[in-house]
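So the chains spell out like this:
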Amino acid sequence: GAGVSQSPSNKVTEKGKDVELRCDPISGHTALYWYRQSLGQGLEFLIYFQGNSAPDKSGLPSDRFSAERTGGSVSTLTIQRTQQEDSAVYLCASSRQWSSTDTQYFGPGTRLTVL
Amino acid sequence: ELKVEQNPLFLSMQEGKNYTIYCNYSTTSDRLYWYRQDPGKSLESLFVLLSNGAVKQEGRLMASLDTKARLSTLHITAAVHDLSATYFCAVGGGSNMLTFGGGTRLMVKP
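Predicted model only: the values in this text are computed from it and were never measured.

Peer 1: Mind showing me how you'd approach the pairing of strand β8 (residues 88-95) of chain A here?
Peer 2: Looking along a regular strand, one sees side chains alternate from face to face of the sheet. All names here are of chain A. Of all eight residues in β8, eight are buried, a share of seventy percent or more. Burial of the side chains of β8 extends over both faces: A88, Y90, C92 and S94 are buried on one face and V89, L91, A93 and S95 on the other. Across seven bridges, strand β4 (residues 31-38) lies against β8 in antiparallel orientation. Bridged to A31 within β8 is S95. Pairing of β8 with strand β10 (residues 110-114), which is carried by three bridges, proceeds in the antiparallel orientation. Bridge pairing in β10 links V89 to R111. Strand direction decides the pairing type here: β8 and strand β9 (residues 105-106), joined by two bridges, are antiparallel. By the bridge assignment for β9, A93 is matched with F106.

Peer 1: Even after reading the chapter, I still don't get the sheet that holds strand β1 (residues 4-7) of chain B, so can you show me in this structure?
Peer 2: Picture the strands of a sheet paired through backbone hydrogen bonds; they go either parallel or antiparallel. Residues and elements named next belong to chain B. Strands sit in the order β1-β3-β8-β7-β6 across an open sheet of five strands; the sheet is antiparallel. Lying at the two open borders of the sheet, with one neighbouring strand each, are β1 and β6 (55-58). Here the strands of the sheet are splayed against their neighbours by 15° on average, with no regard to which way each runs. With six bridges connecting them, strand β3 (residues 19-25) and strand β8 (residues 71-76) associate as antiparallel partners. Bridge pairing links T20 to H75 in β8.

Peer 1: Would you explain the pairing of β6 of chain B in this entry?
Peer 2: Residue and element names in this part refer to chain B. Two strands pair when backbone bridges link them, and β6 and strand β7 (residues 61-66) are joined in this way by four bridges, in the antiparallel orientation. Of the residues in β7, the one forming a bridge with K56 is A63. Hairpin connection from β6 to β7: two residues lie between these consecutive antiparallel strands, with G59 at a positive phi of about 60°.

Peer 1: Which parts of the structure should I look at to understand the interface of chain B and chain A?
Peer 2: Where the parts come together, the accessible area they lose is often given as the size of the interface. Contacts between the two partners involve 16 residues from chain B, matched on the other side by 18 residues from chain A. Counting the surface lost from both chain B and chain A, the interface buries some 1500 Å², and carbon and sulfur atoms represent 55% of this. On inspection of chain B and its partner chain A, the count reaches zero salt bridges. Put simply, chain B and chain A have five residue pairs in polar contact (both at pLDDT 80 or more) between them. When grouped by side-chain class, the residues that make up the side of chain B that touches chain A number nine nonpolar, five polar and two charged.

Definitions and cut-offs
- Residues numbered from 1 in each chain as written.
- Chains lettered and ligands numbered in written order.
- Predicted model: local features only at pLDDT ≥ 70, side-chain atom pairs only at ≥ 80, totals over all residues.
- Heavy atoms only, no water.
- Buried < 20%, exposed > 50% of the residue type's maximum accessible area, 1.4 Å probe, protein only.
- Helix = DSSP H or I, 4+ residues; strand = E, 2+ residues; numbered from the N terminus.
- Pairing = 2+ DSSP bridges.
- Axes fitted to C-alpha atoms, helices over the stretch in contact; angles between N-to-C directions.
- Contact = heavy atoms within 4.5 Å.
- Buried area = accessible area lost by both parts, 1.4 Å probe.
- Salt bridge = Lys/Arg side-chain N within 4 Å of Asp/Glu carboxyl O.
- Polar contact = N/O pair within 3.5 Å; in protein donor to acceptor, adjacent residues only side chain to side chain.
- Nonpolar A, V, L, I, M, F, W, Y, C, P; charged D, E, K, R; others polar.

Take a look at the structure:
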């Protein structure tokens, strides 16, 4: 597709349930990032994938959060035992290659609401 | 730890006026980005600034970077209603991650 796509666009879940969020990067982009945007914390980096290298997980807020990227393309962010403070918009971005100057292009986001 | 501060956080402008949004950051970086976000939408890339003294312009928006002062500005000239949005600056750090400012919500009134 022309841009980064994410699914679902909205997800409502009950506290304690697991959720999976999906990201399809722009075709040919080798770098993929997850961020989240919440009222209290603004925009925060979560995790970064570059090709087949080990991901940078330094932004993950707890061990309930994990992400994988299969075949160097699609990525899934998994949140286990969701808590109300996990409610946020989860944004995925991709960039062309591992270069510090490449622009990150963002997807539309998944709005997660934990009841 | 890299910190990025924007000000103002909220800006209400009259159409036709000029104003500047400021973005300060705490540690050395060689790249700074400006993004726009409309309500309920994702982030749209506006500018990439990669060197000291860099200036980029698109329409009524002009961005500049002073790496020595660790300051970027986004200048709005003769504002129009269509510019109403939230503007974020983001500074590049380790592992290509971006650290974002808190955003400036711009409202342009007729």
